[in-house]
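Coordinates in review
Residue strings, one per chain:
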Amino acid sequence: MDNLLEIRDIHTYIGQFHILQGVSVEVPRGKIVALLGRNGAGKTTTLKSVIGLTPPRQGQILFDGLEIQGQRPFDIAALGIGYVPEHRAIFRDLSVGENLRIAERKRGELARKADFIFGLFPDLKRLIKLPGTHLSGGQQQMLAVARALVPDNKLLLIDEPSEGLAPVIIEQLIEAIRKLSAETTVLLVEQNFRVASHLAESYVIIEEGRSVRSGAMADLVNDRETLHRYLGAA
Amino acid sequence: MKGLLVSLRKNRTLLIVLAVLLVLFLLAIQGLGTPAWVITLLRGLSLSAIIFLVAAGFSLIFGLMDVMNFAHGTLFMIGAYVGWSAYVRPDTVLDLLPPVALLAAGLLLQPVWNALLGRIRLPDLAARIWPWVGLLLAAALLVGVLVGWPVSRWVPGNPTTGPGGDSLVLDLALDANLPRRVPASSGRGPVWALVGALAAGAVGAASLAGLSRRQQASDFHHRRIAWHTWLVLGLLLFIAIGAYLANDGLTEWLYGLHTMWMFMIALLFGVVFGALLGGVMEVTLIRPLHDRPIYYLMITLGLGVVGIELVQALWGRTEFTVPRPALFRGSGPGCPATDLASWLQNHCSTILVFGGRVRIYEEIFVILVGLVVLVAVTLLLQRTRLGMIIRAGVQDSEMVEALGINVRRVFTLVFALGVALAVLGGVVAGPRMGLSPAMGESLLLLSLIAMAIGGLTSFPGAAVGSLLVGLLQQFITAYSGVGIKLPFLAEPFKPTPPLVPASTVLLMVIILLVLPQGLLGRKE
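Calculation rules
- Residues numbered from 1 in each chain as written.
- Chains lettered and ligands numbered in written order.
- Predicted model: local features only at pLDDT ≥ 70, side-chain atom pairs only at ≥ 80, totals over all residues.
- Helix = DSSP H or I, 4+ residues; strand = E, 2+ residues; numbered from the N terminus.
- Rg over C-alpha atoms; globule rule 2.2 N^0.38 Å.
- Buried ≥ 20, exposed ≤ 12 C-beta atoms within 10 Å, placed from the backbone.
- Contact = placed C-beta atoms within 7 Å.
- Pairing = 2+ DSSP bridges.
- Axes fitted to C-alpha atoms, helices over the stretch in contact; angles between N-to-C directions.
- Parallel < 35°, antiparallel > 145°, perpendicular 65-115°, else oblique.
- Left-handed = near helix turned anticlockwise from the far one by under 90°.
- Nonpolar A, V, L, I, M, F, W, Y, C, P; charged D, E, K, R; others polar.
- pLDDT = per-residue confidence, 0-100.
- Expected span 1.5 Å × (residues − 1).
- Core = buried A, V, L, I, M, F, W, Y, C linked by C-beta atoms within 7 Å.

So, on to the overall build of chain A. A tally of regular secondary structure across chain A gives 10 helices and 10 strands. Against the 2.2 N^0.38 benchmark of 17 Å for 234 residues, chain A shows a C-alpha radius of gyration of 17 Å, consistent with a compact globule. Projected onto its principal axes, the C-alpha positions of chain A cover 45 × 40 × 35 Å. Counting the 234 residues in chain A, one finds 45% classified as buried. Look at the contacts in chain A between residues 6 or more apart in sequence, and 67% of them connect residues 24 or more apart.

The following block contains the structure:
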């Protein structure tokens, strides 16, 4: 099978804490894979390990066949990985337009992608001059996703996009992520199982720093026992 | 309209504080006569400009990198001394240029070594040891070169042949309107020393490359060496060879220049020197301590002390003055100038503003330099991609890096910029304050207070804070002569000298009690 991203048994420490104790994830090209698990299980750390913000001490991460573990984040990102962190980490002191322009890796990228991006998030076009502080939570989240779409990314790492957003906004986001996944592979972290099950084709469950289960999303939806045991959902 | 109301409500406390400050300022003006308050205002602005030049760099560096650079005051002081040297003794600087430029050129070869070393595999032990041997070798080479290199220089501590004597000679020559006497040539240094300097730089760079190589897991991809590296390299070689071959001719030319041009060259030299010093400091001392704040604190404090000792060893402990350039020192007929035209004609040191005598260098030129820097840095931050990255990095440098931007290179640039601003401040402050090894400490303190008032990581905050601190200091000083008439006191209250620094701290305490994040700081 053709995997764009392969995480092989990584161990990541934050300070003295052994956060990831063996996580393996395979993300097939062109698919959406959801990382599931309870709070503090290590989902966010897994994404940060891929992008290099918390580099793993052991294990391998293969992106497009290239080993990327231990490289600096900007080198990893430049290979074509977009990171959308949790809590809508947009740059508050920059305007919406600047938030998008800063993500350009080549001159004129934003201009080329503008139609696609503003097609997904029409609101942003209207707000282009506004500073990031003046955006609502939903608008900030859309900007954070849009920012990752400016350069030619092959893979998006999206962390908790629906966190703290109103249901209407969540619907819009699901729609946008589904549309963009036609061209991009996505590794998604999502607490909201309903959102994850709507979007992802397959899943990996992380429990206490280990990947414990994986498979097709369609199977998980009907597997009440697994859902209850690992996610506390019924 | 609605947006305006919202932002008014959001910043209510800030606006009230500013209104109170404005009222206090107007009251302060009322107590002084017209020429007195104009002069006090200009003096305050001039002090603000110098505080700002230190605070600006400090706050840019702290905002982006979370490094409190406590060496900033010392760097300001070093700037003043280096500026003096370029201005009063250009022959010494010229003598030192060839080996220093070649050393820098050698150090610039590091990316070349990085690319080469990526292809060599050494046994682990050898790979671990050779960089340290290399560093020792480079240091030994450098010492050998500098010992054998002829430099015409002053004798620190000696009243006539020391730096103070040089200043005095220039002062007298300027007052008598005589050409400057060109000092005796120090002779041409040996060519082997030049090769040695280049080799010391190259070996040092290779060792540093070797040291950083060990920390990288695998050779990921060989980055191409940027064209600007080659450009700077070529420029450095050109400067080194030019200064070596045409030393005597250049010395003579520089000594024949108008002192205003000499001073401008000194300003430019200071900026370039500061940028290089800052860049080297960041790469060699700050970067390896990545994310260890206590070590940042210790190393910058330590560097501050080392810098003071170094300056005392090279220029001596005694204070001395810097002669004002010829454009700002006339005192004969037609002085003080009454307007700009008459100043341009007579080059007076003072000009009449509302009937008061204002010193042109101290109270106008310095303010202008501060304004130019304020505008230039604001444009850089608001209008360029680099500025955009800096503003984003102040908030979240990890996220900037995760976008694929080499944040470390931006760190180096910002550190270089910050140090360059401090050094520029030192050069400008020299003729105003005089030179002493302790001049940086008090200024660092003032700029820290200014930044606390304005908001620690905010660049406009640094400007506003500097403005308030400078004005407050000068107005309190002015009132120590006139006295403030208070309702319950028979005698007017005259602030004593210790109250001058105390007043700024008091202002800081009051503002921080009302606005804990400073005037323009961001609420966390």
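Across its full length, chain B holds 20 helices and two strands. For chain B, the C-alpha radius of gyration of 25 Å lies close to 24 Å, the compact-globule estimate for 524 residues. In terms of principal-axis extent, the alpha carbons of chain B reach across some 85 × 65 × 40 Å. The buried share among the 524 residues of chain B stands at 43%.

Among the five residues in strand S8 (residues 185–189) of chain A, five count as buried, and that is most of the element. Residues A:Thr185, A:Leu187 and A:Val189 line one face of S8(A) and the alternating positions A:Val186 and A:Leu188 line the opposite face, and both faces are buried.

One key point about sheets: their strands pair by backbone hydrogen bonds, in either a parallel or an antiparallel sense. Residues and elements named next belong to chain A. Spatially, the six strands line up as an open sheet ordered S6-S7-S8-S3-S9-S10, and their pairing is mixed. With one partner strand each, in any of the chains shown, strand S6 (81–84) and strand S10 (210–216) form the two edges of the open sheet. Pairs of neighbouring strands in the sheet enclose a mean axial angle of 15°, with direction left out of account. Pairing geometry for S6 and strand S7 (residues 155–159), over four bridges, is parallel. Looking at S7, one finds that Tyr 83 is bridged to Leu 157.

A few words on the environment of B:Leu276. All names here are of chain B. Take Leu 276: it is sitting in helix H12 (residues 259–286). On the basis of neighbour count, Leu 276 is assigned to the buried category, with 20 C-beta atoms found within 10 Å. In sequence terms Leu 276 and Ala 105 are 171 residues apart; their C-alpha atoms lie 12 Å from each other.

Glancing now at the packing of helix H4 (residues 72–88) of chain B against helix H18 (residues 439–454) of chain B. Residue and element names in this part refer to chain B. The interhelical angle for the contact between H4 and H18, taken along N-to-C directions, is 135°, at an axis separation of 7 Å. The orientation of H4 with respect to H18, classified from their angle, is oblique. Seen from above, H4 lies across H18 with right-handed handedness. Contacts from His 72, Gly 73, Thr 74, Phe 76, Met 77 and Ala 80 in H4 reach Met 439, Gly 440, Glu 441, Leu 443 and Leu 444 in H18. When its residues are assigned to classes, the contact of H4 with H18 shows six nonpolar, four polar and one charged.

So, about the confidence of the model for chain B. Residues and elements named next belong to chain B. Per-residue confidence for chain B gives a mean pLDDT of 86; residues scoring 70 or more make up 96%. Every residue in residues 215–222 is under pLDDT 50, and counting partners more than four places away or in other chains gives seven contacts. ipTM for the predicted complex: 0.89, alongside a pTM of 0.89.

Negative phi is the rule for most residues except glycine; trans is the rule for most peptide bonds. If you check the backbone angles, B:Asp66 has positive phi at about 60° while not being a glycine. Its location among the elements puts B:Asp66 in the loop between helix H3 (34–65) and H4.

Over its 24 residues, helix H7 (residues 124–147) of chain B extends 36 Å from the first C-alpha to the last, a length consistent with the 34 Å expected when each residue adds 1.5 Å. Every buried residue of H7(B) is listed here: B:Gly134, B:Ala138, B:Leu141 and B:Val145.

This part covers the environment of A:Gly70. Locating A:Gly70 in the fold gives a position in the loop between strand S5 (66–67) and helix H2 (73–78). The sequence separation of A:Gly70 and A:Ile51 amounts to 19 residues, and the corresponding C-alpha distance is 9.8 Å.

Moving on, we get to the nonpolar core. Within the largest apolar cluster, 209 residues are counted, with the highest numbers of intra-cluster contacts made by A:Leu157 and A:Leu188. Ranked by residues supplied to this core, first place goes to H3(B) with 18 residues. Setting aside chain neighbours within four positions, we find A:Leu157 in contact with A:Leu47, A:Val50, A:Ile51, A:Ile81, A:Tyr83, A:Val84 and A:Leu187.

A few words on the interface of chain B and chain A. Taken together, the contact pairs 18 residues of chain B with 22 residues of chain A. At 10 residues, helix H16 (residues 385–402) of chain B tops the list of elements feeding residues into the side of chain B that touches chain A. Broken down by class, the residue content of the side of chain B that touches chain A amounts to 10 nonpolar, four polar and four charged.

A few words now on the sheet that holds S5(A). Residue and element names in this part refer to chain A. Strand order across the open sheet formed by four strands is S2-S1-S4-S5, with antiparallel pairing between neighbours. The two strands at the open ends of the sheet, each matched to only one other strand, are strand S2 (17–28) and S5. Running over the sheet, helix H1 (residues 43–51) touches strand S1 (3–14), S2 and strand S4 (58–63) and is turned about 75° from S2.

Moving on, we get to H1(A). All names here are of chain A. Within H1, nine of the nine residues are buried, which leaves the element mostly enclosed by the surrounding structure. Here H1 has its buried residues at Lys 43, Thr 44, Thr 45, Thr 46, Leu 47, Lys 48, Ser 49, Val 50 and Ile 51. At the C-terminal side of H1, Gly 52 shows a positive phi close to 100°.

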